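Breakdown of the fold
Next come the chains, spelled out residue by residue.
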Amino acid sequence: MNPSLTKFIWSHKIDVSEYTGDEQHYLILREPNTAEFKQLVKVEKDIINDDSEERVFDALETFAELTKTLIIDHDFYEDMEKTKRLSAKDISELMSSKIDMIKYVMGEYMQALPLQSGK
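Residues numbered from 1 in each chain as written. Predicted model: local features only at pLDDT ≥ 70, side-chain atom pairs only at ≥ 80, totals over all residues. Heavy atoms only, no water.

**As for the packing of helix α2 (residues 53–70) against helix α3 (residues 88–97)**
Taken N-terminus to C-terminus, the directions of α2 and α3 make an angle of 155 degrees; their axes are 8 Å apart at the nearest point. Relative to α3, α2 is oriented roughly antiparallel. When you trace α2 past α3, the crossing you get is right-handed. Facing Ala64, Glu65, Thr67 and Lys68 of α2, the residues of α3 in contact are Ala88, Lys89, Ser92, Met95 and Ser96. (Axes fitted to C-alpha atoms, helices over the stretch in contact; angles between N-to-C directions. Helix = DSSP H or I, 4+ residues; strand = E, 2+ residues; numbered from the N terminus. Parallel < 35°, antiparallel > 145°, perpendicular 65-115°, else oblique. Left-handed = near helix turned anticlockwise from the far one by under 90°. Contact = heavy atoms within 4.5 Å.)

Below, the structure written as structure tokens:
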């Protein structure tokens, strides 16, 4: 991959230790590209316009899909020796299985987005 494509203007570190038992863990998500940002705006508008359970679950599912490409760093490993990291897809699936975790990550990320918060 072109090295300039792996550099980001903005990223956000989220501590998810509260959702991983006795272990300390974090995720770093990068800035969204234009297509991803459009999806995030749609997710936010959908929840604001209709906060029914079904709409919220759809929004969380969309966000989980996006995290497969938004996660650029983390400290989740497949083994105790910490030699092989989990893929972003595996982490997305982990978050999807823990509703409180995905809601927290989505909330933290959406609040921190520079274009959303006026930063």
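That was the structure; now back to the text.
**Here's the deal with the pairing of strand β1 (residues 11–15)**
The alternating pattern of β1 places His12 and Ile14 on a buried face, while none of Ser11, Lys13 and Asp15, on the opposite face, is buried. By the bridge criterion, five bridges tie β1 to strand β2 (residues 26–30) in an arrangement that is antiparallel. Bridging across to β2, Ser11 finds its partner in Arg30. (Buried < 20%, exposed > 50% of the residue type's maximum accessible area, 1.4 Å probe, protein only. Pairing = 2+ DSSP bridges.)

**Digging into the environment of Phe63**
Within the fold, Phe63 resides in helix α2. Along the chain, Phe63 and Lys103 lie 40 residues apart, while their C-alpha atoms are 9.3 Å from each other.

**Remarks on the sheet that holds β2**
Taken in spatial order, the three strands line up as β1-β2-β3 in an open sheet, and their pairing is antiparallel. Sheet topology places β1 and β3 (71–74) at the edges, where each strand pairs with a single neighbour. Between one strand axis and the next, the sheet turns through 20 degrees on average, direction left out of account. Its contacts with the sheet put α2 on β2 and β3, and the angle it makes with β2 is roughly 85 degrees.

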